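This is what each chain is made of:
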Amino acid sequence: MSTEDRFIDIEIKLAHQEHTVESLNQRVYEQQQQIDKLEQMVAALVQHVRNQAETGGGGAAAHEPPPHY
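Here is a short report on the structure shown in this document. It should be emphasised that the depicted structure is a prediction, and the values quoted were computed from it without experimental measurement.

## Considerations on the pattern of salt bridges
Inspection of every chain in the model, using the stated rule, returns 2 salt bridges. The salt bridge partner of Asp9 is Lys13, with a shortest N-O separation of 3.6 Å. Of this pair, Asp9 and Lys13 both sit in helix H1 (residues 3–54), 4 residues apart, which is roughly one turn of that helix. When the shortest N-O distance is used, the salt bridge between Glu30 and Arg27 registers 3.5 Å. Of this pair, Glu30 and Arg27 both sit in helix H1, 3 residues apart, which is roughly one turn of the helix. A relative accessible area of 35% places Glu30 in the partly exposed class.

Criteria and thresholds
- Residues numbered from 1 in each chain as written.
- Predicted model: local features only at pLDDT ≥ 70, side-chain atom pairs only at ≥ 80, totals over all residues.
- Heavy atoms only, no water.
- Salt bridge = Lys/Arg side-chain N within 4 Å of Asp/Glu carboxyl O.
- Helix = DSSP H or I, 4+ residues; strand = E, 2+ residues; numbered from the N terminus.
- Buried < 20%, exposed > 50% of the residue type's maximum accessible area, 1.4 Å probe, protein only.

Structural data, given as structure tokens:
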């Protein structure tokens, strides 16, 4: 194998690696966006639960027996 063939082979491998790295980078970016969105949803849910607890959201009704008793 000549030096030129080796350089071509290295350039081909490098091009594939650059494509792979770019694909992985895009996927990591998408996953981070999804994580950020989920964190916002969890924070909103936590706030909702806290508000329900503070306002007594059904606390007394939770201890009452069901209507069929």
